[in-house]
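# Residue-level structural notes
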Amino acid sequence: MTPIPIALIFGTRPEAIKLGPVWSSLCQRPEVFLPQVIVTAQHREMLDQMLAVFNITPTVDLDIMQPAQSLSDITTNALIGVQQALAQLQPALVLVQGDTTTTFAASLAAFYQKIPIGHVEAGLRTADKFSPFPEEINRRLTSVLADIHFAATPRARDNLQAEGIPSEAIFVTGNPVLDALRTILTQKPTLAGTELEWVEELPGRLLLVTLHRRENLGEPFAHICAALKQILQAHPDVTIIYPVHPNPEVREAAYNLLGDVERVILCEPPDYLVFVPLMARADLIITDSGGIQEEAPALGVPVLVARETTERPEAIEVGAARLVGTDTNNIIAEANRLLTIPSAYAKMSRAGSPFGDGHAALRICEALEYFFELRSQRPSEFNPSSGNRSQEGTEDGQ
Ligand code: UD1
């Protein structure tokens with residue numbers, strides 16, 4: 001048979017991390033699929049790091065990123081660029097991931113050309129259209145446009161069904177971020193020989209911080225930073241490392257509020273091969289990132305989620321993460337609890353990740369075979385309660 005052309009479309013670092021394993025799995029079936037990659041490059045430098053990690057050479061690179069780009073800039077440039085790329089490549093299906101503006105614009109471009117859409121990490125919801133902004137609306141609109149929905153967990157499937165998406169079109173696969181993490185961990189990554197080598201020698205405990213969400217800019221950001229300073233005062237053995245997202249507004253706020261605080265190290269976002277051992281070395285993570293809520297539990301590191309809402313309540317339910325919001329006192333109280341009560345810390349760090357078992361990409365490929373009628377049976381699904389919950393750190397002895 002002629003291999004089926006599948007276009008994977010993405011633009012930011014987290015999309016590349018999560019579609020990288022799917023790309024690799026599709027490439028392992030050259031007789032069935034012809035994977036092609038279109039990158040919008042909504043992010044430039046952070047995306048390029050990930051392309052190198054997965055050894056991906058894009059078929060089309062739209063290079064749309066502009067300094068201080070607005071959401072309208074990204075949407076219109078991605079829509080027009082992806083439309084032209086699709087007209088050129090004529091894929092049988094496009095794959096998008098998550099909830100970025102690239103995800104939504106690429107789905108809309110595919111819909112205009114009546115190309116079926118597969119959505120990886122479908123079904124995350126906060127039920128608040130402004131939180132996260134604009135991601136909650138990006139993913140809801142993408143669900144309306146998509147034809148095949150890869151839900152990471154049963155809860156994500158339930159969210160989709162509640163919106164009227166037929167069960168037949170939904171596959172519970174786990175999240176390929178756990179596949180990416182597993183692949184990286186088998187390479188036994190270390191900080192040795194990297195720009196963060198000194199972290200290995202750091203005495204005391206490490207608090208890793210990442211903050212970049214639009215809805216946290218302004219006052220919420222200041223409240224979180226105030227909490228960080230007080231946590232440092234209460235715990236003289238703690239050092240904070242905060243890799244700062246390149247968004248100029250995030251950079252300005254981070255350097256203004258934390259730039260000259262003792263025991264706060266602000267650095268450039270390291271590439272994933274460095275970020276994974278950095279997460280593994282951390283004793284505690286405070287973040288507003290989505291992906292870190294999925295990865296850190298698998299590495300046995302407790303996560304405090306500095307947001308008012310999360311679309312990943314599974315991590316909270318299993319006890320691996322806590323939603324602390326952006327209230328200064330609340331963040332301090334939760335951090336103090338974990339930094340002073342060993343039993344509370346141990347309970348959180350042992351919870352594991354409910355988001356996948358490292359086989360999501362395989363299930364996505366099998367679901368695509370089913371969609372294209374190359375197999376008669378629906379593939380088996382990820383079941384987090386079947387005991388296959390991921391605790392990579394333990395398994396790999398890291
Ligand atoms: C985007 C996604 C968000 C995702 C995040 C991961 C949207 C609206 N948001 O947010 O869902 O969680 O990526 O990082 O799609 N910039 C650079 N270099 C880079 C990356 C960004 O200079 O490598 C600058 C851009 O020019 C822009 C700003 O950072 O001015 C923000 O980037 P943008 O893609 O608009 O949104 P993010 O906040 O990164």
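The structure this text deals with has already been given above.
### Let's talk about the packing of aromatic side chains
For the structure shown, the criterion picks out five aromatic pairs. For the ring pair Phe150 and Phe171, a centre distance of 6.3 Å and an interplane angle of 35 degrees mean the geometry is tilted. Highlighted residues: Phe150 in strand S6 (residues 148–151) and Phe171 in strand S7 (residues 170–172), separated in sequence by 21 residues. Grouping residues by exposure puts Phe150 and Phe171 together as buried. Where Phe371 meets Phe372, the ring centres are 5.2 Å apart and the plane angle is 90 degrees; that geometry is what we call edge-to-face. Taking the relative accessible area as the measure of exposure, Phe371 reaches 31% and is therefore partly exposed. Classification of Phe372 by relative accessible area gives partly exposed; the value is 22%. By the ring-pair criterion, three or more aromatic residues cluster together here, those being Phe150, Phe171 and Tyr370.

### Looking at the sheet that holds strand S4 (residues 93–97)
If you walk across this open sheet you meet the seven strands as S3-S2-S1-S4-S5-S6-S7, and the pairing is parallel. Edge positions in the sheet fall to strand S3 (60–61) and S7, since each has one partner strand and no second. Here three bridges tie strand S1 (residues 4–10) to S4, and the two strands are oriented parallel to one another. Across the sheet, the residue bridging to Leu8 is Leu95, located in S4. Strands strand S2 (33–39), S4, strand S5 (117–122), S6 and S7 of the sheet are contacted by helix H16 (residues 360–371), whose axis makes an angle of about 160 degrees with S6.

### Section: the site of the ligand
The full set close to the ligand counts 25 residues, and Gln42, His43, Thr101, Glu135 and His245 are the nearest of them. In the environment of the ligand, an oxygen atom lies 3.3 Å from a nitrogen or oxygen atom belonging to the side chain of Gln69. The side chain of His245 places a nitrogen or oxygen atom 2.8 Å from an oxygen atom of the ligand. Mapped onto the shell around the ligand, the elements with two or more residues apiece are helix H2 (45–53) and helix H3 (71–89). Of the residues that constitute the shell around the ligand, the class distribution is nine nonpolar, ten polar and six charged. Mapped onto the domain boundaries, the shell around the ligand takes at least three residues apiece from domain 1 (4–172) and domain 2 (197–349).

### Examining the pattern of salt bridges
Under the defined criterion, the tally for this structure stands at 29 salt bridges. Arg205 is the partner of Asp237 in a salt bridge, and the nearest nitrogen-oxygen pair spans 2.8 Å. Of the two residues, Asp237 is situated in the loop between helix H9 (219–234) and strand S9 (238–243) and Arg205 in strand S8 (residues 205–210); the sequence distance between them amounts to 32 residues. A salt bridge links Glu311 to Arg312; the shortest N-O distance between them is 3.1 Å. Residue Glu311 shares its accessibility class with Arg312, and that shared class is buried.

Conventions used here
- Counting restarts for each chain, with residues numbered from 1 along the sequence as it is written.
- With the structure being a predicted model, the display of local features is reserved for residues of pLDDT at least 70 and the display and counting of side-chain atom pairs for 80 or more, all residues being used for whole-chain, interface and lining totals.
- Side-chain figures throughout are based on the complete set of non-hydrogen atoms in the structure, without hydrogens or water.
- Pairing of aromatic side chains here covers Phe, Tyr and the six-membered ring of Trp, requires ring centres within 6.5 Å, and sorts the geometry by plane angle: under 30 degrees stacked, over 60 edge-to-face, intermediate tilted.
- Here a strand is any run of E in DSSP of at least two residues, a helix any run of H or I of at least four, and the numbering for each starts at the N terminus.
- A 1.4 Å probe rolled over the protein chains alone gives each residue an accessible area, and that area as a share of the maximum for its type sets the label: buried under 20%, exposed over 50%, partly exposed in between.
- By this definition, two strands are paired if DSSP reports at least two bridges between them.
- We call two residues in contact whenever any of their non-hydrogen atoms come within 4.5 Å of each other.
- The angle between two axes is taken between their N-to-C directions and runs from 0 to 180 degrees, where each axis is a line fitted to C-alpha atoms and a helix contributes only its stretch in contact.
- Summary of the distance rule: residues count as near a molecule or strand when at least one heavy atom falls within 4 Å of that molecule or strand.
- Distance and chemistry together define a polar contact, namely a pair of N or O atoms within 3.5 Å, with one atom able to donate a hydrogen and the other to accept it when in protein, and with adjacent residues in sequence counting only for side-chain atoms on both sides.
- Charged residues are taken to be Asp, Glu, Lys and Arg, nonpolar residues to be Ala, Val, Leu, Ile, Met, Phe, Trp, Tyr, Cys and Pro, and polar residues to be all remaining types, Gly included.
- Boundaries of every domain are those given by an automatic assignment or by a domain database.
- Between Lys or Arg on one side and Asp or Glu on the other, a salt bridge is scored when a side-chain nitrogen of the former is within 4 Å of a carboxyl oxygen of the latter.

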